[in-house]
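A structural walkthrough
If you want the building blocks of each chain, they are given just below.
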Amino acid sequence: MTTTLIDRVGLLYTGDPEREEIADAALVVEDGLVAWTGPASQAPDADRRVDAEGRAVIPGFVDSHAHLVFAGDRTAEFQARMSGEPYTGGGIRTTVAATRRAGDAELVARARRLVREMLTQGTTTVEIKSGYGLSVEHERRSLEIASRLTSETTFLGAHVVPDDMDADDYVRLVAGDMLTACAPHAKWVDVFCERGAFDGDQTREILTAGLKAGLGARVHANQLTEGPGVRIACELGAASADHCTHLTDADVEALASSGTVATLLPGAEFSTRSPYPDARRLIDAGVSVALATDCNPGSSYTSSMPFCVALAVREMRMTPLEAVRAATRGGARALRRTDVGWLRPGARADLVVLDAPSYAHLAYRPGVPLVHQVFRGGLLLE
Ligand code: NIG
Ligand code: FE
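The model shown is predicted, which means the values in this text are computed figures rather than measured ones. (Residues numbered from 1 in each chain as written. Chains lettered and ligands numbered in written order. Predicted model: local features only at pLDDT ≥ 70, side-chain atom pairs only at ≥ 80, totals over all residues.)

Things to note about the UniProt feature "binding site: Zn(2+)" (unreviewed entry) in the chain
Per the UniProt record, "binding site: Zn(2+)" (unreviewed entry) is found at H65, H67, H220 and D294. Despite a sequence span of 230 residues, these residues sit close together in the fold, their greatest C-alpha distance being 12.1 Å. Relative to the assigned elements, H67 resides in the loop between strand 6 (61–63) and helix 1 (75–81). The exposure class of H67 is buried, given the 29 C-beta atoms found within 10 Å. With near-sequence residues (within four places) excluded, H67 lies in contact with K129, G131, Y132, C295 and N296. Relative to the elements of secondary structure, D294 occurs in the loop between strand 13 (289–291) and helix 11 (305–315). Of the residues examined, D294 has 28 C-beta atoms within 10 Å and is grouped as buried. Apart from the residues within four sequence positions on either side, D294 is in contact with H65, A66, L265, G267, A268, S299 and S300. (UniProt positions renumbered as here; feature names shortened; annotations may be inferred. Helix = DSSP H or I, 4+ residues; strand = E, 2+ residues; numbered from the N terminus. Buried ≥ 20, exposed ≤ 12 C-beta atoms within 10 Å, placed from the backbone. Contact = placed C-beta atoms within 7 Å.)

Spelled out as structure tokens, the structure:
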């Protein structure tokens, strides 16, 4: 059992509410876990020493919302949007067609590349959804591929109704045979609750079936319009309501008085040129907030949590501390994980050494590659 001392950390953001920031800090890693954090002057001896040379250290980002199993390209759709076309979610079907045509090897390689891209930008835990298969065979395949890359897999058969099916028949299929085929490969069930996708009754039916099958619930809620998504998520005890862009006061109250995290995805508003969610309103109301990329080829083709942190600070009135908290501990809460998203004794030693004296530089120096080193399970990523 070897121990590693990460010494001379200029500013350690632990994510542990009991001692969230430590200046002139150090931490000790043992067996892939955090064994000790505190002032560098009090650090215990260790077998190895890594000199952070005054850099800041934060927990690895927890990206709790991503769609990484897909093929095809939607650059033209993005360009059309930047010329004034609205985003409707209709392009999902373009990706479904390309994904169905692709072989397993291509899908695995593409998803793996995105996970790698994320890792080099400091993301050490990622959730991956299906949702570009929309048939029993293709959804099951997407989840099987996702489960090779993460334990946080989400069944999103209810992304949109495929072109060749009646909506009621499709909901029955998703809540029936498709769920049965997919549940062994999934931890979560998700529904895109939105006009043009699935309504409140359909959302409830699918989530309830998923819960009964032993999955946890999460919801794409209130992205493009106000609707019942957030309230259903809170009512059913979903871990997270994602997007939360168009909220009524009742939605905010429901979130504040439930254990459901509001996961904000500013990359989607950036890439669809839409108004950002009101993070300030949520935080001031006492809602637990997470930040994630929503990485997907349609509405948010970024894999970068630092970019989302910068957007959250500049566009959503979050402080740098709130944004980093939401991108680490917030994401972990949205996945109901206590082993990641913070650096306290017993947690996984997933951490990022920033080429900066403070995490605030993630927003202060947007677009700059500040990730100096990434450790996952105590191992330095080469
Ligand atoms: O979270 N809103 C639904 N799903 C994705 C977009 C998927 C796509 O456009 O391909 C999202 O934004
Ligand atoms: Fe999404």
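Thoughts on the nonpolar core
In this structure, L27, V57, L291, V309 and A312 are the most contacted members of the largest nonpolar core, which totals 124 residues. If you count residues domain by domain, this core takes at least three from each of domain 1 (3–59 + 342–380) and domain 2 (61–334). Among all residues touching V57, those that are not within four sequence positions of it are I6, V9, L12, A52, L351, V352 and V353. (Core = buried A, V, L, I, M, F, W, Y, C linked by C-beta atoms within 7 Å. Domains from an automatic or database assignment.)

A short note on the site of ligand 1
The local shell around ligand 1 holds 14 residues, among which I92, F192, N296, G298 and S299 are the closest. For the shell around ligand 1, a count of residues per class yields four nonpolar, nine polar and one charged. (Near = placed C-beta within 6 Å. Nonpolar A, V, L, I, M, F, W, Y, C, P; charged D, E, K, R; others polar.)

Remarks on the sheet that holds strand 6
Read from one edge of the open sheet, eight strands run 6-7-8-9-10-11-12-13, paired in parallel fashion. For this open sheet the edge positions go to strand 6 and strand 13, each flanked by a neighbour on one side alone. Across this sheet, the average inter-strand angle for adjacent strands is 25 degrees, counted without regard to direction. In terms of strand pairing, strand 7 (residues 123–129) meets strand 8 (residues 152–158) through three bridges, oriented parallel. (Pairing = 2+ DSSP bridges. Axes fitted to C-alpha atoms, helices over the stretch in contact; angles between N-to-C directions.)

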